[in-house]
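# Tertiary structure, described
Each chain, letter by letter, is given below.
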Amino acid sequence: MSRERLRVTGTVQGVGFRPFVYRHAVALGLTGYVLNDSAGVLIDVEGTADRIAELTRLLVDDAPPLARVAAVTAERLQPSGASTGFRIVESVDAGSADVPVSVDTTTCADCLAEVDDPDDRRYRYAFTNCTNCGPRYTIVLGVPYDRPATTMAGFEMCARCRAEYDDPANRRFHAQPNACPACGPRLAWHDMSGGVDGIGGVTDGAIVGPAALDAALGAVISGQIVAMKGIGGYHIVADATNSAAIAELRRRKARDDKPFAVMVASLAAAHRLCELDDVAAGALSSIRRPIVLAPRRTGSDVADGVAPGLGELGLMLPYSALHHMMLARAARPLVMTSGNLSDEPIAHNDDDAVARLGPLVDGLLLHDRPIHIRCDDSVVRATPARLQVLRRSRGYAPEPLGLPFRAKRSVLAVGAELKSTVSVAKHGWVVPSHHIGDLEHLATYRSFLQAVDHIARLYGVVPEVVAHDMHPEYLSSKYAAQLDLPAVSVQHHHAHVAACMVEHGRTEAVLGITYDGLGYGPDGSLWGGEMLIADFVSSRRVAHLRPVRMPGGVAAIREPWRMGAVWAAAANGREEAARRAHTHGVDETRVGLVLDLAERSSSPVTTSVGRLFDAVAALLGGRQRVSYEAQAAIELEAMACAVGRGEAPRYDGAVAIAREGDALVLDPAPLVGALLLDLDAGVEPALIAAGFHEAFGRATVEMARRVAAEHRLDTVALTGGVFQNARLTDVVATGLRTEGFDVLVHTVIPPNDGGISVGQAAIAAFASV
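Residues numbered from 1 in each chain as written. Predicted model: local features only at pLDDT ≥ 70, side-chain atom pairs only at ≥ 80, totals over all residues. Heavy atoms only, no water.

### What to know about the packing of helix α11 (residues 442-458) against helix α12 (residues 475-482)
Relative orientation and spacing of two packed helices are given, respectively, by the angle between their axes and the distance between those axes. One can describe the packing of α11 onto α12 by two numbers: an axis separation of 12 Å at closest approach and a directional angle of 45°. Looking at the two axes, α11 sits oblique to α12. At the point where α11 passes α12, the crossing takes the right-handed sense. Contacts from Tyr445, Phe448, Leu449 and Val452 in α11 reach Leu475, Ser476 and Tyr479 in α12. Among the residues forming the contact of α11 with α12, the class breakdown is six nonpolar, one polar and no charged. (Axes fitted to C-alpha atoms, helices over the stretch in contact; angles between N-to-C directions. Helix = DSSP H or I, 4+ residues; strand = E, 2+ residues; numbered from the N terminus. Parallel < 35°, antiparallel > 145°, perpendicular 65-115°, else oblique. Left-handed = near helix turned anticlockwise from the far one by under 90°. Contact = heavy atoms within 4.5 Å. Nonpolar A, V, L, I, M, F, W, Y, C, P; charged D, E, K, R; others polar.)

Have a look at this one:
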């Protein structure tokens, strides 16, 4: 006889791992026990050596669907001969947490079958789940992952649910959120015609149970707007085919143009709205259930106001039993947009939702299961080459990512200002938080503080160093300065490159092409069109976009015509720039004042490619003022994507590359001049937009080729928010690969500022190696 103590690490709690071990151990005739602790799963097993070896194999090769086994280690023990069976024992607290918490996943097919079966006791029950599905991260308070450490602690299981929970043969064996209509959370519908004052508790004076869903759905179908509590927060729901309802939703949310996400009942329904390849369809139907951006089909019945000016829709499939029932009965696509006012964090607390969303909606569909941590829907984009995560949140967070080295110090990284995330790192991994948002809003900053505490506590990280952005005015940087910890200041674009290196497991220096809106540079200017030689130790700027001034600073981001005037003046002079702006409805006096500002030292200097794309969009007759971040550039890409590759004007040689000091400088002013000549000649703006993407992309490849040859580099990382632009990324990546480069692009870490905290954490963690 043999006896071994097996330690299993990875995502192994809250995923049915202990019952899985129990069933296999019993089937193999082994004795002993299995338990959860702060480090993962611990198994003490006794039996013949070959059967213990078989159990060890099964732990990796046949793990439960939601499990992610990182390692299995074995320690030989002296056989006791005392055990007479195999059992699951109570979890123990073995010190600092070191076990990943499972992500929230879509309701499984077995549970949905019960929800749809009139003879099942969970018929039409919105909170049906099992060990293979349902909420995890959004309800967990701490580890080990047991019911008392979740927001389900206040719901005592009825006898039938307890019997399922205690039965090793049942798929709800030790399913912590297990519940049924007799003992679990309840839906509640509140008609808001009487205002918010009449709402006390969640279910006080409300329609409850399945009838609540019927009432909410009736309101939506009749053209009303409803707030609905989901897994990670509230959605605001409207009929996506009702133009009047969509217009009213935009008015109430103060959201002029930013696209709304659309939920459809099935993959077949998604195919009717968008062109979906296998990559997009796979992402839509995955257990993560993100919003997937995909090309919109012409003639679909979704109202134009859902995604104005764009050729894509953001689609998602139902990921909870509540969504499943609502979409099945609605028989139409529904807008499912974040439950907030424009730019605020999503509501997840009931009192907050009533106060903030109550005045915006005609009714509230609530429930009484608390959400501990808010978690927005994730957003991905499917291109022919890859799937790219743009917002990493529900379904992805807080899944750890491996570091390509082992850190000796625990790190807290606090990210940037926009698209905020935080990350913690220790040992050989880094854990990015869910998407938090833009820290300029007080409510979002409070969410940032909660996220720092929650992610560190869940993963047992006691930070020994804090990493932050170099920008001294970012609230995240100011927060880091308040901590009694050694601080590592990380330049914004260096963090972008490092995040891409983490994703691809690289440690050797790469050429990082970092194109984005802006990031604080060591020289005090606003960088955003950089080529850096970078690793986890340092970065050196070797090429950049031609610097220009941003007249009015932040105002130039809100009003792209300002950057259009700057670049038109750089191409053809001040008088021509003023004429162009005036043709797009800008008052001549304002244009003159802005051009004066562009000549003054008080206006910040920038090398931002994001602002260049804004400028071209404005000059081609697009947005002169934006209502959401990067709107002008997004619409410019949409224009370009209407034109096939090879159909656009080439503008060969229209981008100048010259050496200035130690760096190469890419000057797009001649290209802007060529675009304007074509515009005056009557060339379609969409063709010009496509030609701009192609020419700027080829110039980027050429400058990278020169830099890489000079510094003997063969790997290039494409990073920064501008590389969310699929057309530009395709041109640059294809061109570089044709030149023989190994090209790294983002797929699982966002290329935008949502990935900054990962890069910061890696740089700070590497400093301790």
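### Concerning helix α17 (residues 588-597)
Considered for burial, the residues of α17 that qualify are Val591, Gly592, Val594 and Leu595. Summarising the axial view, the buried residues of α17 lie within an arc of 165°, below the 170-degree limit, and thus occupy one face. Seen from the open side of α17, the exposed residues pointing more than 90 degrees away from its buried face are Thr589 and Leu593. Each element contacted by the buried residues of α17 is listed here: α15 (560-572) and α16 (574-583). A side-chain oxygen of the first residue of α17 lies 2.9 Å from the backbone nitrogen of Thr589; this N-cap is Asp587. (Buried < 20%, exposed > 50% of the residue type's maximum accessible area, 1.4 Å probe, protein only. Arc of directions from axis to C-beta. Polar contact = N/O pair within 3.5 Å; in protein donor to acceptor, adjacent residues only side chain to side chain.)

### Comments concerning the sheet that holds strand β4 (residues 68-77)
Whenever strands of a sheet pair, they do so through backbone hydrogen bonds, lying parallel or antiparallel. Taken in spatial order, the five strands line up as β4-β1-β3-β2-β5 in an open sheet, and their pairing is mixed. Single-partner strands in this sheet number two, and they are β4 and β5 (86-88). Neighbour to neighbour, the strand axes of the sheet diverge by 15° on average, direction disregarded. The pairing of strand β1 (residues 2-11) with β4 spans nine bridges and is classified as antiparallel. Bridged to Arg5 within β4 is Glu75. With respect to the sheet, helix α1 (residues 17-27) is in contact with β1, β2 (31-37), β3 (40-47), β4 and β5, its orientation differing from that of β5 by roughly 170°. (Pairing = 2+ DSSP bridges.)

### Thoughts on the sheet that holds strand β19 (residues 423-426)
The strand order across the open sheet built from six strands is β17-β20-β19-β18-β21-β22, with neighbouring strands paired in mixed fashion. Two strands in the sheet have a free side with no partner beyond their single neighbour: β17 (401-402) and β22 (487-490). Note: β19 against strand β20 (residues 429-432), four bridges, orientation antiparallel. Along β20, the bridge assignment pairs Val424 with Val431.

### Some thoughts on the packing of α16 against α17
Contact geometry of α16 with α17 gives a least axis separation of 9 Å together with a crossing angle of 135°. In terms of orientation, α16 and α17 fall into the oblique class. With respect to the hand of their crossing, α16 and α17 are arranged in right-handed fashion. Residues Arg574, Ala577, Ala578, Ala581 and His582 of α16 touch α17, and the partners they reach there are Glu588, Val591, Gly592, Leu595 and Asp596. Of the residues contributing to the contact of α16 with α17, the split by class is five nonpolar, two polar and three charged.

### Here's the deal with the pattern of salt bridges
Counted according to the given criterion, the structure contains 52 salt bridges. Here Arg3 and Asp44 are joined by a salt bridge, their closest N and O atoms 2.8 Å apart. Note that Arg3 is positioned in strand β1 and Asp44 in strand β3, a separation of 41 residues in sequence. We note that Arg3, like Asp44, is buried. Note that Glu248 and Arg252 form a salt bridge whose closest N and O atoms lie 2.8 Å from each other. Taken together, the residues Glu248 and Arg252, both in helix α6 (residues 243-253) and four residues apart, mark about one turn of the helix. (Salt bridge = Lys/Arg side-chain N within 4 Å of Asp/Glu carboxyl O.)

### Notes on the nonpolar core
Core analysis: the largest hydrophobic core is formed by 75 residues, its most contacted members being Met531, Phe696, Leu718 and Leu736. Ranked by residue count, the leading element in this core is helix α21 (residues 685-711), at 12 residues. In this view, Leu736 contacts Ile513, Val701, Ala704, Val716, Leu718, Phe741 and Val743; residues no more than four positions away in its chain are not counted. Residues Val220, Tyr319, Leu412 and Ala451 belong to the second largest nonpolar core, which totals 64 residues. (Core = buried A, V, L, I, M, F, W, Y, C linked by side-chain atoms within 4.5 Å.)

Scope: geometric values only; no functional claims are made or implied.
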